[in-house]
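# Secondary and tertiary structure notes
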Amino acid sequence: MVRNIVVIGGNSHPQLTRTICGVLGIPPADVLLSKFAVGETRVEIQESVREKDVYIIQSGGGKVNDHLLELLITISACKTASARRVTAVLPLFPYSRQSDIPYDKAGAPLVKSSVRDRPSNGYTFESTPPTPGPGVKSEGLGLINGMENFQKSLAKAQIEESNGSPVKRRPANGLPRSDTADSLKSLTANGVPEDSSSNASNSSKINSFQPRPGYKQWVAQAGTLVADLLTCAGADHIITMDLHDPQYQGYFDIPVDNLYGRPLLKSYIQRNIPDYKQAVVVSPDAGGAKRATAIADSMGMEFALIHKERRPTKITDRQNATMMLVGDVRDRTAILIDDLADTSNTITRAAKLLKKEGASKVYALVTHGILSGDAIERINASALDKVVVTNSVDQSVHLRRCPKLEVLEVGHVFAEAIRRVHHGESISVLFQYD
Ligand SMILES: O=P(O)(O)OC[C@H]1O[C@H](OP(=O)(O)OP(=O)(O)O)[C@H](O)[C@@H]1O
């Protein structure tokens, strides 16, 4: 039994909380998590957490936005109730799959051709602007969205204000609202504010306003915001598993422990796939190649990669990308490895291709089985023989609907991580998967 520790389970995955508490030998904390009639989240911590080491378990998937807000409010409640340390345990981290800019068939961002074809700066989708530094003139790109112009107009506004001239106020972040016609009137073609005296010449630019190709400043980077929200709510530490992009840890200025699901997947392969050394580990896309090769290399297995031949035309149109297999799976078992399955398009399309290329059997081993919408129906109707996921997301409903689904328990991994963090022990042993 671990002392002076409090484990609070959010509404996303009560079963996982029970498992973790069972391993730690403590009961889950008494909390009231509900909603007011209007739909706002209500949290009451019904026992003292003063000077306690608190762990709040809340996973992504399902009603992800509700769960995230519930987590933020619970963290804040614990901090204001004088918890010594609050750790957010997010088996599947929500919003860590960064948003992407829409592409056209050639892989360029979807901006109007008049802008894309503009020969002026030579930047392409693949290129990056130079790093501003001594002797490098930004030409409106340094810092890079034209902060130079912005700072000039800000200085001018300050002079006008000190002279008593009326000055148009901006929000606290210094940027104009981008969702009103008024705000567009004060934007240059670079998307930077311009002083009001040139508004007349700007009016002709309103309709031609476009973001620069190669930049993503117009796409919400929700991952950054979520990292900030967690820290701002009072989280002192994050424990998660198989982040879609491990570099997401760098978005935080608090410690993030990104546990690996690989030992569980490897162990499944060794125990359940006959003659597994002859099987081929397959990554269903280039983004997951590192993840899959790590398993293949450590188990002395062969590796193949599915390459998406071109970018889909829209974010929501990923299933239209053409797939090609790089490697040989004929008459062998293929084991797809991925971090998550959401719509299941990726793994079901990959399975179809692998069977077409002669694979005798296709397994999909995925850490996070989000399985949204009709993902289960898609799996049931697919060429996949078996789908293995962990219970980082609650699988009870999925299990009832999908005979091909098998679930690996992650509760003991998180319980051990919590125990070690609580005692100040190293948890690097949980990162080793060879
Ligand atoms: O079940 P699905 O809805 O098909 O989604 C699953 C896929 O999405 C993620 O990759 P993503 O498409 O974000 O590309 P990336 O690996 O290049 O980041 C993930 O790594 C899977 O490959």
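Rules used throughout
Residues numbered from 1 in each chain as written. Predicted model: local features only at pLDDT ≥ 70, side-chain atom pairs only at ≥ 80, totals over all residues. Heavy atoms only, no water. Pairing = 2+ DSSP bridges. Helix = DSSP H or I, 4+ residues; strand = E, 2+ residues; numbered from the N terminus. Axes fitted to C-alpha atoms, helices over the stretch in contact; angles between N-to-C directions. Contact = heavy atoms within 4.5 Å. Parallel < 35°, antiparallel > 145°, perpendicular 65-115°, else oblique. Nonpolar A, V, L, I, M, F, W, Y, C, P; charged D, E, K, R; others polar. Phe/Tyr/Trp six-rings, centres within 6.5 Å; stacked < 30°, edge-to-face > 60°. Buried < 20%, exposed > 50% of the residue type's maximum accessible area, 1.4 Å probe, protein only. Lys NZ or Arg CZ within 6 Å of the ring centre and 35° of its normal.

### Re the sheet that holds strand S8 (residues 280-283)
Ordered in space as S10-S9-S8-S11-S12-S13-S14, the 7 strands form an open sheet in which the pairing is mixed. Because the sheet does not close on itself, it has two edges, and the strands there are strand S10 (323-326) and strand S14 (405-408). Within the sheet, the average angular offset between the axes of one strand and its neighbour, ignoring direction, is 25°. Against the sheet, helix H9 (residues 289-299) touches S8, strand S9 (302-308) and strand S11 (333-341), its axis set at about 170° to S9.

### Observations regarding the sheet that holds strand S5 (residues 85-90)
Hydrogen bonds between backbone atoms are what pair the strands of a sheet, whose relative direction is either parallel or antiparallel. Pairing is parallel across the open sheet formed by 5 strands, whose spatial order is S1-S4-S5-S6-S7. In the strand order of this sheet, the two ends are held by strand S1 (5-9) and strand S7 (256-259), each with one partner. Between one strand axis and the next, the sheet turns through 15° on average, direction left out of account. Two strands pair when backbone bridges link them, and strand S4 (residues 53-57) and S5 are joined in this way by 5 bridges, in the parallel orientation.

### Quick look at the packing of helix H2 (residues 64-80) against helix H7 (residues 222-233)
Direction vectors running N to C along H2 and H7 enclose 25°, while the axes themselves pass 8 Å from each other. Looking at the two axes, H2 sits roughly parallel to H7. Facing H2, whose interface residues are Leu 68, Leu 71, Leu 72, Ile 75, Ser 76 and Lys 79, H7 presents Val 226, Leu 229, Leu 230 and Ala 233. Of the residues contributing to the contact of H2 with H7, the split by class is 8 nonpolar, 1 polar and 1 charged.

### Observations concerning the packing of aromatic side chains
With the rule as written, the count across this model stands at 4 aromatic pairs. Centroid distance Phe 93 to Tyr 248: 5.2 Å. Interplanar angle 80°. Geometry classified as edge-to-face. Taken together, the residues span a long stretch of sequence, with Phe 93 in the loop between S5 and helix H3 (113-116) and Tyr 248 in the loop between strand S6 (237-241) and S7 at a distance of 155 residues. By relative accessible area, Phe 93 is classed as buried at 4%. What makes Tyr 248 buried here is its relative accessible area of 1%. Arranged with centres 4.8 Å apart and planes meeting at 55°, the rings of Tyr 248 and Tyr 251 form a pair that is tilted. What links up through ring pairs into an aromatic cluster is the set Phe 93, Tyr 248, Tyr 251 and Phe 252. A cation over an aromatic ring shows up here: Arg 262 above the ring of Tyr 260, its NZ or CZ 4.3 Å from the ring centre.

### So, the pairing of strand S2 (residues 31-35)
Across 5 bridges, the pairing between S2 and strand S3 (residues 41-45) is antiparallel. If you follow Val 31 over to S3, its bridge partner there is Ile 45. Between S2 and S3, which follow one another and run antiparallel, lie 5 residues, and Gly 39 among them has a positive phi close to 110°.

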